[in-house]
Every structure is written in C-alpha cells, then in structure tokens.
Amino acid sequence: MTRGDSDVQGLIERAAEKIASARKAVALTGAGISVDSGIPAFRGTQGLWDKYDPMEYATIDAFVANPVKIWTMLRELGDLIGGAKPNGGHAGLAELESLGKLSSIVTQNVDGLHQAAGSSSVIEFHGNGRRLICLSCKRRYDREQIPMDSFPPMCVCFNVLKPDVVFFGELIPMHALMAAHAEVEECDLMLVVGTSAQVEPAASLPYSAKSRGATIIEINPEPTPLTHNIADIAIHESATNALPAIAAAVRGLLRE
Ligand code: APR
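Residues numbered from 1 in each chain as written. Predicted model: local features only at pLDDT ≥ 70, side-chain atom pairs only at ≥ 80, totals over all residues. Heavy atoms only, no water.

S.K.: So what's going on with the overall build of the chain? Which residues, and what values?
M.R.: Helix and strand counts for the chain stand at 10 helices and nine strands. A globule of 256 residues ought to have a C-alpha radius of gyration of about 18 Å, and the chain, at 19 Å, matches this closely. Viewed in the frame of its principal axes, the chain has a C-alpha envelope of about 60 × 35 × 30 Å. When each of the 256 residues of the chain is scored for burial, the buried share is 48%. Sequence-distant contacts in the chain: of pairs separated by 6 or more residues, those separated by 24 or more amount to 66%. Roughly 11800 Å² of accessible area belongs to the chain as shown, and the carbon and sulfur atoms make up 54% of that amount. If you average the places of the 22 positive and of the 30 negative side-chain charges in the chain, the two averages end up 4 Å apart. (Helix = DSSP H or I, 4+ residues; strand = E, 2+ residues; numbered from the N terminus. Rg over C-alpha atoms; globule rule 2.2 N^0.38 Å. Buried < 20%, exposed > 50% of the residue type's maximum accessible area, 1.4 Å probe, protein only. Contact = heavy atoms within 4.5 Å. Areas by Shrake-Rupley, 256 points an atom, 1.4 Å probe, with all protein chains shown as cover. Lys, Arg positive; Asp, Glu negative; His and termini not counted. Charge placed at Lys NZ, Arg CZ, Asp CG, Glu CD.)

S.K.: Could you give an account of the environment of A94, with specific residues and numbers?
M.R.: For A94, the location among the structural elements is in helix α6 (residues 88–98). Judged by its relative accessible area of 11%, A94 is buried.

S.K.: Summarise the sheet that holds strand β2 (residues 104–107); cite the residues concerned and give the values.
M.R.: With respect to topology, six strands assemble into an open sheet ordered β3-β2-β1-β7-β8-β9, the strand pairing being parallel. Pairing within the sheet leaves two strands with one partner each, and these edge strands are β3 (122–124) and β9 (233–235). Averaged over neighbouring strand pairs, the angle between their axes works out to 15 degrees when direction is ignored. Here strand β7 (residues 189–193) pairs with strand β8 (residues 215–219) via five bridges, running parallel. Each bridged residue has a counterpart across the sheet, and for L191 the counterpart in β8 is I217. Each of β7, β8 and β9 touches helix α10 (residues 239–255); the most contacted strand, β8, lies at about 135 degrees to it. (Pairing = 2+ DSSP bridges. Axes fitted to C-alpha atoms, helices over the stretch in contact; angles between N-to-C directions.)

S.K.: Account for the pairing of strand β4 (residues 127–134), naming residues and giving values.
M.R.: A regular strand places its side chains so that they alternate between the two faces of the sheet. Within β4, six of the eight residues are buried, leaving the element largely enclosed by the surrounding structure. In this sheet, strand β6 (residues 161–165) lies alongside β4 in antiparallel orientation, the contact comprising five bridges. Within β6, the residue paired with I133 across the bridge is K162. Where β4 and strand β5 (residues 140–142) come together, three bridges link them in antiparallel fashion. Bridge pairing in β5 links I133 to R140. Here β4 folds back onto β5 in antiparallel fashion, the turn holding five residues, of which K138 has a positive phi close to 70 degrees.

S.K.: Which residues make up the packing of α6 against α10, and what values do they have?
M.R.: Running from N to C, α6 and α10 cross one another at 25 degrees; their axes reach a closest spacing of 7 Å. Classified by the interaxial angle, the pair formed by α6 and α10 is roughly parallel. The two elements α6 and α10 cross, and the hand of that crossing is left-handed. Residue-level contacts link G88, G89, G92, L93, E95 and L96 of α6 to A239, T240, L243, P244, A247, V250 and R251 of α10. Tallied by class, residues from the contact of α6 with α10 come to seven nonpolar, four polar and two charged. (Parallel < 35°, antiparallel > 145°, perpendicular 65-115°, else oblique. Left-handed = near helix turned anticlockwise from the far one by under 90°. Nonpolar A, V, L, I, M, F, W, Y, C, P; charged D, E, K, R; others polar.)

S.K.: Help me get a handle on the sheet that holds β4, residues and values and all.
M.R.: Hydrogen bonds along the backbone pair up the strands of a sheet, which may run parallel or antiparallel. The three strands lie next to each other as β5-β4-β6, forming an open sheet whose pairing is antiparallel. Every other strand in the sheet has two partners, leaving β5 and β6 as the edge strands with one partner each. Neighbour to neighbour, the strand axes of the sheet diverge by 40 degrees on average, direction disregarded.

S.K.: With reference to specific residues and values, describe the environment of T240.
M.R.: Take T240: it is sitting in helix α10. What T240 contacts, discounting residues up to four positions off in sequence, is D36, N87, G88 and G89. Within the structure, T240 has its side chain in polar contact with the side chain of D36 (distance 2.3 Å). Within the structure, T240 has its side chain in polar contact with the side chain of S238 (distance 3.1 Å). (Polar contact = N/O pair within 3.5 Å; in protein donor to acceptor, adjacent residues only side chain to side chain.)

Take a look at the structure:
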C-alpha cells in the first residue's frame, strides 16, 4: 500500500465488507490487471496502441488485407504473453472465487492469466490468444499445434490462421456475450479492475449492473468514465496492491 495508507486501507475494508455480504459478485477485468505480469496495456503510458495504431493493426479488415503485417505485431505481443505469469491481482480474484465470493470473471484480456491463477469461471469476452482460427474453413488450433517458424501460421486448407481473438469490426462470440449478460443481470456487485472502460460492448456492462442496483467497486490507478459516474468505491491503486489486500480482508470477515 502506498499513498494515504489510512484512506486506502479504509477503502479496502469497505470493499471487503461489500464483497463479503454480496449475494453474487462478478468481476470485469481489462489489460491493467496484467500490466504487472509484463504485458503492456493498450492505452495510457507506454500503451501498445501508442506504438501500433489500432485502426491499422487491430481491425479485421486490416488483418484480411495484410495478415503478414499484422502477424508481425502479434508475434511481438505473443512473445510478451507467452512468458507471462499471473500476478497478485489475478491471484486475489482466484482467492475470492475459492472463498465463494466471486461468481465469475468477465475478462477483456486474451492472455489466459486468470485461468493460470486458478480462476475457473472465466468468460473470455474478446476470445483467447492461445487459440488460432481459420477464417476460411473455421478450423481451430491450439497455438502449440502450429510450428511458429511457419510464419504466418497456416491452416491445413492453406489459408492464413488468425488468433481466436476479437478484432475491431468483429462481433463478440455469442456464447461469451450471453454468459456475460446473464452474470451481469443477476449480480449485486461488480468489481471493475484495470479497464479504461472505453471499448463497447464491454464498457456497458458496469452501467448495466448499476442500473440493476449493483454496487460498483473500481480498482484502477487512474480515473475512468466510471469513476465519477457510477463507482460506489474507487480504489486508485494497482490490482497487485489492492486485490490481495481485499481478498485477505474478505477471508477475515468470513471467519468471524
Ligand atoms: N492495475 C490496475 N489497473 C491498471 C494497472 C494496474 N497495475 N496499470 C494500468 N491500469 C489501468 C489503466 O489506468 C487503464 O485504465 O488499466 C487500464 C487499461 O486500459 P486499456 O489499455 O484501454 O485496456 P482495456 O480497457 O482492457 O482495453 C479494452 O480495447 O483495444 C481493445 O481489445 C482491446 O480488450 C482491449 C479493449
């Protein structure tokens, strides 16, 4: 814990009380929760989109037009994700699930770190970078199945494979969209961690939860559009600072 320990500690304790007494808590996570695992976020200081214009590198039209160019960026991102390990933020959410106080995580991330930390109920809203898909024949592959020296990775039908992640201009996978809406509609608390809350339709999920009376707890070192609009508790700390402390406080409350 860094700045203003007493006021941050107070927010941690308030958040833990809300989570411990919640009927159904759901988390929404974004790239910020994986920053301390060495994976750059997209926006903000040293954001990936500062280096690569998303409209030139992250739209489905750009991929179809020039897959080799996009795979060059993806290979750099893949090298970062490949070696990444879960951090205290992922572990804190996994502990809340094991305490029975987190129903699911809706994640915008494609790094698989929530599952690696032990979370079992993870809704991958933007797909998963560990899988590849053929846009032509729809075959899916695990990344390990394709030798990475074959660049770009090719399908057995001789078309270029694409990571099984949602590019701008693509739809959210229907199963993920339905599962996320079901969870959000039933929750009475949403923990929003490490997202700039700018990309739809994920950015609408906290508003949807709030409109049903859910308590919104935001963990982000920086303010977002949610902070002053709908956050009931805003903790301006990193996920790795805040989430293990919250999980420990919830564990203590459940023992009482
Ligand atoms: N802990 C918590 N939050 C953090 C941390 C940290 N250690 N470091 C940075 N953040 C916050 C930033 O302040 C920012 O608000 O994480 C947020 C990251 O925002 P984005 O980079 O915009 O990531 P995200 O919100 O997940 O982006 C949504 O945009 O480009 C698309 O598909 C991509 O899924 C992504 C979507």
